[in-house]
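These are the residues of each chain, in order.
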Amino acid sequence: MTTPRTASDAPAVRIRGVRKSFGRLEVLRGINLEVWPGEVVCLIGPSGSGKSTLLRCVNHLEKVDGGWIEVEGELVGYRRKGDKVYELKDREICRKREQIGMVFQQFNLFPHMTVLGNVVEAPVRLGKARQREAEAAGRELLARVGLADKESAYPRQLSGGQQQRVAIARALAMRPRLMLFDEPTSALDPELVGDVLSVMADLAKDGMTMIVVTHEMGFAREAADRVVFMDQGRLVEQGSPSEILERPSHERTQAFLRRVL
Amino acid sequence: MTLQGDGGTDPRGHGDDVRAVPLRHPGRWVASAVVLVVAAAVVSSLVTNERFQWDVVGEYFFSSAILSGLWTTLWLTAVSMTIAVVLGIVIALMRLSPNPVLQGGANLYTWFFRGTPLLVQLIFLFNISALYPVLTVGVPFGPQFFEIPANDILTPAVVAIVGLSLNEAAYMAEIVRGGIKSVDHGQTEAAQALGLRRSVIMRRVVLPQAIRVILPPTGNETISMLKYTSLISVIAMPELLYSAQVIYSRTYETIPLLLVASIWYLIVTSVLTVGQAYLERRMSRDQRNPETFLGGLRRHLRVHDRRAITRRERP
């Protein structure tokens, strides 16, 4: 086990015995994982290993079949009462999701809104800020991801790398305590990957708690505090980037790294 | 191979300016000739057949009875279509709901209203007082709050609006459902991840994108609705067709009055078609390619310029 970067008694995310099946296919077979505040955890593994599904369980885009996930000490999507667990209402789940930003492989920007419109939509709709304050904060965020001059462009007019950086700004606009990245660079042309990764590295440096599903071993080595290797729905091994990427102890990790490095 | 070719007049030459002789289409020429002959026959009969009675057409075209019928047709179309769109959205959302009762109800509704002819539905509704002489509001098998004779409520106008909109809603529901399903699920997920609520996601994210798919067929439905209002003539509501019928049943000038109605229908559907095309163009500009009309034109011209230059620059 690595020592957490920030000394803190409570983990930001606690995943306990999480199981999930799609029909007969068991995607997650009992996952246990802690993520500490300010920590950057990279999930790596072959496709179909369940890493994206695990990430999507963290903000309840997927329901878990068994086990539980806590973010900041609260269950996600459920409420514990006695020894029973109840699913929350849409409104309550939304309140929890506000604290968790997510960035998708396919960007999923809203094509009918401008760049700035995408960024301010959630804070304005959820009453976090008035239109003008939200726009000012949005412009700041766009500057932070290097897109200050694109605020009135539409997503379609931007490159993939620019769209993904807008998506990051959009997620940050809700001032999340935790950011989830689901293969954020997999849909990008190779020359555009660097811009997105450097934005993510800056975010990590600023102390954001991040869980990143990625195939970018370079990013994992540079920015991650901990690398977690998953295979066939199980967490195979975890450790510091150098431990996992250079001296993996598990045979399956070695086989995977031989293929991707 | 020579690069200077003098206009490519040399058939064996491989100069760059070779002009291909276009393929001839004799079949098209024959077909065009047939079309022209038929058109000429139609025009000549329109002019020479006195039984068209064009003078009578002109006499009644702007008569107050016809114009008030036209007005009824127009507002009936507008009101029924508006109700149908709203009801259609509700039924579409029911069909997309995970709840089997809502889903089943919506399916049953669509099945019934698409499976029986509109004309039958209208006559049925007009005669509903035979089935329910008294309409009551209350709990099924329980207490009744108030009651009213069916004939007091179901005037021809109410039957027309209810009949047309209930029927149209079934079709609109399918169109809306198709539009909603055309929006990528990633859009919903991204909005969910931001913490937006389901109703907000539908209103702000999904429907504005679905509208692009929903609008063109809705335009077609509006045009169909305009024509279907003529069915209302069977319940003696003076819309455009019935107004014409009332006149010719008195004067026996059947053909000219049907022409009056037909020409008015053509005028209105033409206007609606133009409006629909304009709206579609505006929608696609806003959403797909958000640029101004002039900007688009300028860009278009630039592309052509460049093409022209490259063509000239080639030896």
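Computed from a prediction, not measured in an experiment: that's the story for all the values here.

(A) The overall build of chain A, seen in detail. Helix and strand counts for chain A stand at nine helices and twelve strands. Principal-axis analysis of the C-alpha atoms gives chain A an extent of 50 × 50 × 40 Å. The proportion of buried residues among the 261 residues of chain A is 56%. Long-range pairs, those at least 24 residues apart, make up 66% of the contacts in chain A with a sequence separation of at least 6. Accessible surface, chain A: about 12,000 Å² in total, of which carbon and sulfur atoms supply 43%. Across chain A, the centroid of the 39 positively charged side chains sits 5 Å from that of the 35 negatively charged ones.

(B) Highlighting the UniProt feature "transmembrane region" (unreviewed entry) in chain B. All names here are of chain B. Within this numbering scheme, the UniProt entry marks residues 29-48, 60-93, 118-141, 153-173, 228-248 and 254-279 as carrying the feature "transmembrane region" (unreviewed entry). When the span residues 29-48 is considered, its composition is 100% helix and 0% strand, and the gap between its end C-alpha atoms is 28 Å. With 94% helix and 0% strand, the stretch residues 60-93 has end C-alpha atoms that lie 47 Å from each other.

(C) Inspection of the pattern of salt bridges at higher detail. Residue and element names in this part refer to chain A. Counted according to the given criterion, the structure contains 20 salt bridges over all chains. Taking the shortest distance from any N to any O, the salt bridge between glutamate 70 and arginine 80 comes out at 3.9 Å. Linking glutamate 70 in strand S4 (residues 66-71) with arginine 80 in strand S6 (residues 78-81), this pair joins segments that are ten residues apart in sequence. The exposure class assigned to glutamate 70 is buried, which follows from its relative accessible area of 11%. Looking at arginine 80, the relative accessible area reads 43%, which means it is partly exposed. Here the salt bridges do not stand alone but share partners, grouping Arg14, Glu70 and Arg80 into one network.

(D) Spatial organisation of the nonpolar core. Formed by 67 residues in total, the largest nonpolar core has its most connected members in Val13, Ile15 and Ile69 of chain A. The leading source of residues in this core is helix H8 (residues 156-182) of chain B, at eight residues. Apart from residues lying up to four places away in sequence, isoleucine 69 of chain A is in contact with Val13, Arg14, Ile15, Val18, Cys57, Val58, Val64, Glu74, Leu75 and Val76 of chain A.

(E) Representation of the domain arrangement of chain B. You can read the domains of chain B as domain 1 (2-46) and domain 2 (64-287). Summarising the inter-unit geometry, the C-alpha centres of domain 1 of chain B and domain 2 of chain B are found 48 Å apart.

(F) Quick look at the sheet that holds strand S1 (residues 13-22) of chain A. With antiparallel pairing, the four strands of this open sheet are ordered in space as S2-S1-S4-S5 (chain A). Here the strands that pair on one side only, and so sit at the sheet edges, are strand S2 (25-35) and strand S5 (74-75) of chain A.

(G) Expanded view of the packing of helix H3 (residues 64-96) of chain B against H8 of chain B. Residues and elements named next belong to chain B. Between H3 and H8, the shortest axis-to-axis distance is 5 Å and the interhelical angle comes to 45 degrees. In terms of their interaxial angle, H3 and H8 are classed as oblique. Relative to H8, H3 is oriented so that their crossing is right-handed. Classifying every residue of the contact of H3 with H8 by side-chain character gives 23 nonpolar, three polar and five charged.

(H) Structural view of the UniProt feature "domain: ABC transporter" (unreviewed entry) in chain A. Annotation from UniProt places "domain: ABC transporter" (unreviewed entry) at residues 13-257 of chain A. The annotated region residues 13-257 of chain A carries 37% helix and 28% strand content, and the separation between its end C-alpha atoms amounts to 27 Å.

(I) Inspection of the interface of chain B and chain A at higher detail. Every contact between the two is made by 22 residues of chain B and, on the other side, 27 residues of chain A. When chain B packs against chain A, close to 2,300 Å² is buried across both sides, 57% of that on carbon and sulfur atoms. Ranking the residues of chain B by area buried against chain A places Leu194, Arg197 and Arg204 of chain B at the top, with a combined share of 27%. Taken together, the links from chain B to chain A amount to two salt bridges. Measuring nitrogen to oxygen at the nearest pair gives 2.5 Å for the salt bridge that ties glutamate 189 of chain B to arginine 56 of chain A. Elements that contribute at least two residues to the side of chain B that touches chain A include exactly helix H9 (185-193), helix H10 (198-228) and helix H12 (254-287) of chain B.

(J) A look at the UniProt feature "domain: ABC transmembrane type-1" (unreviewed entry) in chain B. Feature annotation in UniProt places "domain: ABC transmembrane type-1" (unreviewed entry) on residues 70-276 of chain B, given in this structure's numbering. When the span residues 70-276 of chain B is considered, its composition is 78% helix and 5% strand, and the gap between its end C-alpha atoms is 20 Å.

(K) Layout of the packing of aromatic side chains. Per the stated rule, a full pass over the model turns up seven aromatic pairs over all chains. Judged by centre distance (4.5 Å) and plane angle (40 degrees), the rings of tyrosine 109 of chain B and phenylalanine 113 of chain B are tilted. You can see tyrosine 109 of chain B and its partner phenylalanine 113 of chain B sitting in helix H4 (residues 100-115), four residues apart, about one turn around the helix. Relative to phenylalanine 113 of chain B, the ring of phenylalanine 112 of chain B has its centre 5.1 Å away and its plane inclined at 85 degrees; by these criteria the two rings are edge-to-face. Its relative accessible area of 13% is what places phenylalanine 113 of chain B among the buried residues. Over the ring of tryptophan 68 of chain A we find arginine 80 of chain A; its NZ or CZ atom is 5.3 Å from the centre of that ring. Positioned above the aromatic ring of phenylalanine 110 of chain A is the side chain of arginine 170 of chain A, whose terminal nitrogen or guanidinium carbon lies 4.6 Å from the ring centre.

Parameters and conventions
- Residues numbered from 1 in each chain as written.
- Chains lettered and ligands numbered in written order.
- Predicted model: local features only at pLDDT ≥ 70, side-chain atom pairs only at ≥ 80, totals over all residues.
- Heavy atoms only, no water.
- Helix = DSSP H or I, 4+ residues; strand = E, 2+ residues; numbered from the N terminus.
- Buried < 20%, exposed > 50% of the residue type's maximum accessible area, 1.4 Å probe, protein only.
- Contact = heavy atoms within 4.5 Å.
- Areas by Shrake-Rupley, 256 points an atom, 1.4 Å probe, with all protein chains shown as cover.
- Lys, Arg positive; Asp, Glu negative; His and termini not counted.
- Charge placed at Lys NZ, Arg CZ, Asp CG, Glu CD.
- UniProt positions renumbered as here; feature names shortened; annotations may be inferred.
- Salt bridge = Lys/Arg side-chain N within 4 Å of Asp/Glu carboxyl O.
- Core = buried A, V, L, I, M, F, W, Y, C linked by side-chain atoms within 4.5 Å.
- Domains from an automatic or database assignment.
- Pairing = 2+ DSSP bridges.
- Axes fitted to C-alpha atoms, helices over the stretch in contact; angles between N-to-C directions.
- Parallel < 35°, antiparallel > 145°, perpendicular 65-115°, else oblique.
- Left-handed = near helix turned anticlockwise from the far one by under 90°.
- Nonpolar A, V, L, I, M, F, W, Y, C, P; charged D, E, K, R; others polar.
- Buried area = accessible area lost by both parts, 1.4 Å probe.
- Phe/Tyr/Trp six-rings, centres within 6.5 Å; stacked < 30°, edge-to-face > 60°.
- Lys NZ or Arg CZ within 6 Å of the ring centre and 35° of its normal.

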